[in-house]
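Remarks on the overall topology
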Amino acid sequence: MSEQEAATAGGSPEYDQIDVSVLVIGAGAAGARSAITLAEQGVDDVLVIGKRNHGDAHTTWARGGINGALGTHDPEDDWTVHAADTLTEGHLLNDPEKVETVAKQMPARLRELDEWGMAYSRTDDGEIDQRYFGAQSFRRTAFAGDHTGESLLDTLVDRAQEIGIPYRENVMITKLVSDGERVYGAVGFDMENGRFLVFNAGSIILAAGGYAAIYNRHTSRDDENNGDGPALAYDAGGSLMDMEFVQFHPTGMAVDEDEPDWEPWSGRLVTEAVRGEGGRLFNADGERFMERYSPDQMELDARDVVARSIAKEIAEGRGTENGGVYLDISHRDSEFIQERLPRMYERFAELGVDMAAEPVEVAPTSHYGMGGVAVDRHGETGVDGLYAIGETMAGVHGANRLGGNSLAETVAFGVVAGSRVAEQVDGPGEIPTELWADLIEPQFDDLAQLAARDGTYDVTEVVTELQSLMWAHAGILRDEESLQAGLEVLSELRTKAADLDVGPITSDSFEFAVDIGFMLTAAEAVLRGAVERTESRGAHYRTDHPETDPDWQRNIYFSTSDIGGMSIDTEPVASPSDAVQAALDEGYELDYHQLE
Ligand SMILES: Cc1cc2nc3c(=O)[nH]c(=O)nc-3n(C[C@H](O)[C@H](O)[C@H](O)COP(=O)(O)OP(=O)(O)OC[C@H]3O[C@@H](n4cnc5c(N)ncnc54)[C@H](O)[C@@H]3O)c2cc1C
């Protein structure tokens, strides 16, 4: 009898148990960096797991760069200005302490990566080069061509291997073992052979990515950023924060979806570095329309401003046939483009477009969830022993993320959480007996029943319905009526999700069926938060409340209510330190004209 049959029949399924002091769930930059800190600080049984091969986390898709006030070109830059820019573009909803942690650490973190062999692009005299990125006062974004994430993760994986950190690949975690107060481990399965797994861990660092792929136009891989991290923490008793803030990147690829070569690229990222290197936006009438919306910062204004401007041009009939606008860098010479934007250049060349000779078509696309798991300054959730870092955590980006700050956050909070856990962890501990009966065995049953489910609805269709619902009801422009309607459709989708036609445990269909559960949690929090926040701020734009309301300088928290369902609470944001307040008062901003 297979384990699935045994579980369905009420027998005890077979499983492997793995005991570790620290389980790092997520093999992207955040997970890898935290594991390196743990190992360097003497924790000798750390295990890093991920849903794919260990060099293949979503981080590899990051393109344009990673921020840190090195001052390579602009010596006036320092960490206080970095923090001030981050708070300004986060519309003062960020947690100032977390912002300062990232900004302060980054110069040293960037140099450390250099020592570990990161393939940065260099200036003529060999310094780490830094480029302009939207809404930053100085050139602060270090980069490796336009494949910064790949280079970062290669560097971290090499370092992790050098110091002997073990990885386990192709493992999907479906539930954390928690009594709501403390975490003891995690349950999941081996995606290659379907075997159930129980991890018994003293501490868990959740670095499982974000939730931007709950929208159908997105820059993420389809099988990542489905909300696993936030939903796992929420289910374990943690709180989520500011989930309504979803960054719509202004420049996703706008394609003819009837063309098979182009269709898979719909919504995929055209990196901000194209604008950073001088790319200009034009509507179908040939107007450089950013002059209308942001005459000073133009194309390099914050992502929310540029995304809304493009959306408006398209909505008012000045878009292209493929529902986009033009992004043009053809005034730069071909050699420059190929050196600074090699991956972008190659991608379009393969599709028959020469960026050095003609514009490309772009439209906004879901890119990043600024919300996530609520954590303290060490990255710890409200559940003892459970930490959340990287894109899974909330707090650094506020209402709008600066490009290049996410990779910065992964390494900075990887170090912060890793150090804290290293100080506190004391072996694997033991899972309390009652949690085996109350949580682990029922989870095995649920997984087995899911694999055996032969219901009415196709998994992919339900995923697509959910993503379309989010785009239609909680997209770039929102209002109360549409958000409430979205919640109703979501509840119908929950019914469908209980009646899926699912494949075996090792199939893609099974993985997505599990993901639907995570996506539903993330989607509900986005919709509820967006209803609750009766103002417009950063990436959250309410057409029925178009102004920013100073009384709403509050974070929204989502947690499981005692009587079931999702409960919502709000708290005011803390104040920045004097040093950062002084930088805010100084009012630095990019002098756009120096780009011309
Ligand atoms: C196209 C694109 C371009 C970007 N460019 C930039 C940029 O230039 N600069 C910048 O700062 N940011 C950029 N970002 C954002 C940045 O890449 C991410 O925020 C960052 O890499 C997240 O890293 P992470 O380690 O938190 O998570 P990820 O790299 O997403 O890693 C998550 C890990 O968790 C694992 N995992 C997930 N769920 C489970 C589960 N249930 N069980 C087990 N394992 C699980 C995954 O397999 C993976 O190993 C970009 C994002 C995209 C999509």
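Now for a look at the structure at hand. These numbers come from a predicted model, not from an experiment.

Observations regarding the site of the ligand
Among the 37 residues in the neighbourhood of the ligand, the closest are listed as Thr 59, Gly 64, Gly 65, Glu 391 and Ser 406. In the environment of the ligand, an oxygen atom lies 3.3 Å from a nitrogen or oxygen atom belonging to the side chain of Glu 224. With respect to the ligand, the backbone of Leu 407 contributes an N or O atom lying 2.7 Å from an oxygen atom. When isolated, the ligand has an accessible area of 1,000 Å², and the protein chains bury 98% of it.

Focus on the environment of Val 421
Along the chain, the position of Val 421 falls in helix H12 (residues 405-424). As a C-alpha pair, Val 421 and Leu 152 span 269 residues in sequence and 23 Å in three-dimensional space. The contacts of Val 421, once residues within four sequence positions are left out, are Val 22, Leu 38, Ser 203, Ile 205 and Tyr 387.

A look at a negative patch on the surface
Together, Asp 179, Glu 181, Asp 384, Glu 434 and Asp 438 make up a negatively charged patch on the protein surface. On the secondary structure map, Asp 179 appears in the loop between strand S7 (171-178) and strand S8 (183-190). The exposure class of Asp 179 is partly exposed, given its relative accessible area of 40%.

Some thoughts on the environment of Asp 446
Assignment of secondary structure puts Asp 446 in helix H13 (residues 433-452). For Asp 446 and Gly 194, which are 252 residues apart along the polypeptide, the C-alpha to C-alpha distance reads 14 Å.

Observations regarding the sheet that holds strand S14 (residues 360-369)
If you trace the 4 strands from one edge of the open sheet to the other, you get S11-S14-S13-S12, paired in antiparallel fashion. For this open sheet the edge positions go to strand S11 (246-253) and strand S12 (280-282), each flanked by a neighbour on one side alone. Strand-to-strand twist of the sheet, defined as the mean angle between neighbouring strand axes without regard to direction, takes the value 45 degrees. In terms of strand pairing, S12 meets strand S13 (residues 325-328) through 3 bridges, oriented antiparallel. Each bridged residue has a counterpart across the sheet, and for Leu 281 the counterpart in S13 is Leu 327.

Points about the nonpolar core
Grouped together as the largest cluster of nonpolar side chains are 133 residues, with contacts concentrated most on Leu 23, Ile 66, Leu 176, Ile 214 and Met 470. At 14 residues, helix H16 (residues 508-532) tops the list of elements feeding residues into this core. Once you skip the residues sitting within four places of it in the chain, Ile 66 turns out to touch Met 106, Leu 110, Leu 113, Arg 140, Thr 141, Ala 142, Thr 148, Leu 152, Gly 404, Leu 407, Ala 408 and Val 411. Ranked by size, the runner-up nonpolar core spans 27 residues in total, among them Phe 133, Ala 273, Leu 281 and Val 306.

Conventions we followed
- Residues numbered from 1 in each chain as written.
- Predicted model: local features only at pLDDT ≥ 70, side-chain atom pairs only at ≥ 80, totals over all residues.
- Heavy atoms only, no water.
- Near = heavy atom within 4 Å.
- Polar contact = N/O pair within 3.5 Å; in protein donor to acceptor, adjacent residues only side chain to side chain.
- Areas by Shrake-Rupley, 256 points an atom, 1.4 Å probe, with all protein chains shown as cover.
- Helix = DSSP H or I, 4+ residues; strand = E, 2+ residues; numbered from the N terminus.
- Contact = heavy atoms within 4.5 Å.
- Patch = residues over 30% accessible without salt bridge, like charges linked within 9 Å, V, L, I, M, F, W, Y side chains within 5 Å.
- Salt bridge = Lys/Arg side-chain N within 4 Å of Asp/Glu carboxyl O.
- Lys, Arg positive; Asp, Glu negative; His and termini not counted.
- Charge placed at Lys NZ, Arg CZ, Asp CG, Glu CD.
- Buried < 20%, exposed > 50% of the residue type's maximum accessible area, 1.4 Å probe, protein only.
- Pairing = 2+ DSSP bridges.
- Axes fitted to C-alpha atoms, helices over the stretch in contact; angles between N-to-C directions.
- Core = buried A, V, L, I, M, F, W, Y, C linked by side-chain atoms within 4.5 Å.

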